[in-house]
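# What the coordinates show
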Amino acid sequence: MAEPKHPVRTVDRAMEIVEIIQELDGAGVSEIAEQVDIGKSAVHNHLNTLVNREYLVKEGDEYQIGLSFLGLGAYARDRTQIYETARSEIDKLANETGELANLLVEKNGMGIYLYQAQGQNAVELDTHEGKQVRLHCTGLGKSILAFRPRDEVTEILDKHGMPKMTEKTITDRDQLFNELDQIREQKYAVDNEERLAGLCCVSAPITNGEERSIGAISVACPVHRISEERFYEELPDAVLGTANVIELEHNYS
């Protein structure tokens, strides 16, 4: 993403504060001031302005994201073509598998959950629509990276790194690139407790008809109640079939 020639510093700072509050799941003035290069008084002025506009709410000494962002987020999501195309198919995938089905897109090198649907046995996770995750440690993210040019993947890893999320997270670039090659060949990816211990998922990319990923879908479930046959045969077939339908509708309808 190109840097603006004449950035408005106050706007940039206000959005940085909002992102800090989201990342910390709520924060006080002191916590925010520690992460930005302005004093507590200036931070307080930003916070009061955002509270007045109802983009933040104050709960005791802590600030939280306000509901005004919900309308903006829903509007942005609804204008995303892949969301409109994929939503009903994600619902069908969740019902078919009985598990949690997800739709993820990439933005500035991070994954953003665009939609989720729960089957009858779906597990409750820390994910939600709008949540950002790193790409190297999820089946969804690896599906997206596998269908991007190698230099683009390198830029993403340079920017966001490969932090260790669990004991099974891939943190070595060569190992990741080898897996991405395999994913590209077999057309689907797996996450075997790489972001959350005890959770596995099977994912497939959604491409634009020219072998470039524009998103990915997945089915996620607890490790303890999935057999190898289901993990490596049934779920890959389900996500690949769903991804194929979404691609056809998105690219040719």
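None of these values were measured; they are calculated from a predicted model.

Each value, and the rule that gives it
- Residues numbered from 1 in each chain as written.
- Predicted model: local features only at pLDDT ≥ 70, side-chain atom pairs only at ≥ 80, totals over all residues.
- Heavy atoms only, no water.
- Salt bridge = Lys/Arg side-chain N within 4 Å of Asp/Glu carboxyl O.
- Helix = DSSP H or I, 4+ residues; strand = E, 2+ residues; numbered from the N terminus.
- Buried < 20%, exposed > 50% of the residue type's maximum accessible area, 1.4 Å probe, protein only.
- Axes fitted to C-alpha atoms, helices over the stretch in contact; angles between N-to-C directions.
- Parallel < 35°, antiparallel > 145°, perpendicular 65-115°, else oblique.
- Left-handed = near helix turned anticlockwise from the far one by under 90°.
- Contact = heavy atoms within 4.5 Å.
- UniProt positions renumbered as here; feature names shortened; annotations may be inferred.
- Core = buried A, V, L, I, M, F, W, Y, C linked by side-chain atoms within 4.5 Å.
- Phe/Tyr/Trp six-rings, centres within 6.5 Å; stacked < 30°, edge-to-face > 60°.
- Polar contact = N/O pair within 3.5 Å; in protein donor to acceptor, adjacent residues only side chain to side chain.

### Details of the pattern of salt bridges
- Tallying each qualifying case throughout the model produces 18 salt bridges.
- Linking R9 and D12 is a salt bridge whose minimum nitrogen-to-oxygen distance equals 2.9 Å. In this pair, R9 and D12 both sit in helix α1 (residues 9-24), 3 residues apart, roughly one turn of the helix.
- Overall, D12 belongs to the partly exposed group, its relative accessible area being 38%.

### Points about the packing of helix α5 (residues 81-97) against helix α9 (residues 228-252)
- The geometry of α5 relative to α9 is characterised by a closest axis approach of 9 Å and an angle of 150 degrees between their N-to-C directions. By the criterion of interaxial angle, the relationship of α5 to α9 is roughly antiparallel. When the axes of α5 and α9 are compared, the crossing they make is right-handed. Taking contact as the criterion, the partners of Q81, I82, T85, A86, E89, I90, L93, E96 and T97 in α5 are, on α9, R230, L235, A238, V239, T242, V245, I246, E249 and H250.

### Quick notes on the UniProt feature "domain: HTH iclR-type" (unreviewed entry) in the protein
- Taking the numbering used here, the UniProt-annotated feature "domain: HTH iclR-type" (unreviewed entry) corresponds to residues 8-67.
- Counted over residues 8-67, helix gives 60% and strand 13%. Its end C-alpha atoms are 25 Å apart.

### Digging into the environment of A204
- One can find A204 in strand β7 (residues 199-207).
- Looking at A204, the relative accessible area reads 0%, which means it is buried.

### A short note on the nonpolar core
- Counting residues in each nonpolar core, the largest one holds 29 residues, and the members touching the most others are I90, L93, L103, V202, I217, V239 and I246.
- Looking at this core, the elements that each hand over two or more residues are α5, β3 (100-107), β4 (110-118), β7, β8 (213-222) and α9.
- Apart from the residues within four sequence positions on either side, V239 is in contact with L93, V202, S203, A204, I217, S218 and V219.
- Judged by nonpolar contacts, the second largest core, of 20 residues, contains L145, A146, F177 and I183.

### Observations regarding the packing of aromatic side chains
- For the coordinates displayed, the defined rule picks out 2 aromatic pairs.
- Their ring planes at 70 degrees and their centres at 4.8 Å tell us that F231 and Y232 sit as a pair that is edge-to-face.

### Points about the side chain of T169
- Looking at the secondary structure, you find T169 in the loop between α7 (150-160) and α8 (173-186).
- At 2.6 Å, the side chain of T169 forms a polar contact with the backbone oxygen of E194.
- Discounting chain neighbours no more than four positions away, the residues touching T169 are H136, C137, P163, K164 and E194.

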